[in-house]
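Below, each chain spelled out in residue letters.
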Amino acid sequence: TILQQVEKVAQQYGITIHKEIQPFIVQTWPTRDPRGHIMTLGYVMKYNWDLKKWSDAKSVQWMKPEVAVQLPRLAKPHRDIIISYMTQFLDHQPA
C-alpha cells in the first residue's frame, strides 16, 4: 500500500514517525499533463528527522506553511496542498 511505502522511505532515511500516517487530500488534474491524468495524494504525520543530515543541498531549511505559500515560484498544485493542510490542521487560511 501507499502507507507501507511511506513507512519504508521513513525507515530508509531515519525518520521516526510518532503518529499514524493520515491521508488529508486527494486532488486530480485530468488536463494538467499531456502525458496523462495526474493525481496527488497528501499525507500528514508527526515525526522527527534531521533534515540537514540527509540532504545534499547546500542550503536546505524547514519553513512554516504560511511562508511557503508566499513563495513566488511555488506551483499552484503545491500551494493548494499547503493551503488544504493549513485549513484542516492549523484552522486558518493564508493571508
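Heads up: the structure comes first, above all this text.
Starting from 1, residues in each chain are numbered consecutively following that chain's sequence as written. Reporting in this predicted model follows two pLDDT cut-offs: at least 70 for local features of residues, and 80 or more for side-chain atom pairs to be given and counted; totals over whole chains, interfaces and linings ignore these cut-offs and use all residues. Only hydrogens and water are removed before side-chain values are computed, so all heavy atoms of the structure are retained for them.

K.L.:
Would you explain the pairing of strand 3 (residues 36–44) in this entry?
P.N.:
On a regular strand, each side chain points to the face opposite its neighbour's, so the side chains alternate between the two faces of the sheet. When DSSP finds two or more bridges between a pair of strands, those strands are recorded as paired. Strands are runs of DSSP state E lasting at least two residues, helices are runs of H or I lasting at least four, and both sets are numbered from the N terminus onward. Pairing of strand 2 (residues 22–33) with strand 3, which is carried by eight bridges, proceeds in the antiparallel orientation. Pairing of Gln27 across the sheet is with Thr40, part of strand 3. The antiparallel pairing of strand 2 with strand 3 creates a hairpin that spans two residues between the two strands.

K.L.:
Just to check I follow, could you spell out the layout of surface pockets for this structure?
P.N.:
Vacant regions in the atomic arrangement are exposed by a probe of water-molecule size rolled over the atoms. The volume enclosed by the largest pocket comes to roughly 680 Å³. Looking at the largest pocket, it is lined by 21 residues, and the ones nearest its centre are Tyr47, Met63, Pro65, Ile82 and Tyr85. Broken down by secondary-structure element, the contributors of at least two residues to the lining of the largest pocket are strand 2, strand 3, helix 3 (65–68) and helix 4 (76–89). The biggest single contributor to the lining of the largest pocket is helix 4, with four residues. Each residue is assigned to one of three groups, with Ala, Val, Leu, Ile, Met, Phe, Trp, Tyr, Cys and Pro labelled nonpolar, Asp, Glu, Lys and Arg labelled charged, and all others, Gly among them, labelled polar. Here the lining of the largest pocket is composed, by residue class, of 16 nonpolar, two polar and three charged. The way it works is a 1 Å grid over only the protein atoms, where trapped points that fit a 1.4 Å probe form a cavity and open points with protein on both sides within 12 Å along at least five of seven lines form a pocket, and then any residue with an atom within 4 Å of a point lines it. Grid points are joined across faces, edges and corners, and a volume is the space filled by probe spheres set on the points. Computed from the structure, the second largest pocket encloses a volume of approximately 180 Å³. For the second largest pocket, the full set of lining residues is Val6, Ile15, Tyr43, Val44, Met45, Tyr47, Trp49 and Trp62. Of the residues in the lining of the second largest pocket, the class split is eight nonpolar, no polar and no charged.

From the geometry alone we can't say anything about function, so treat these as descriptive.
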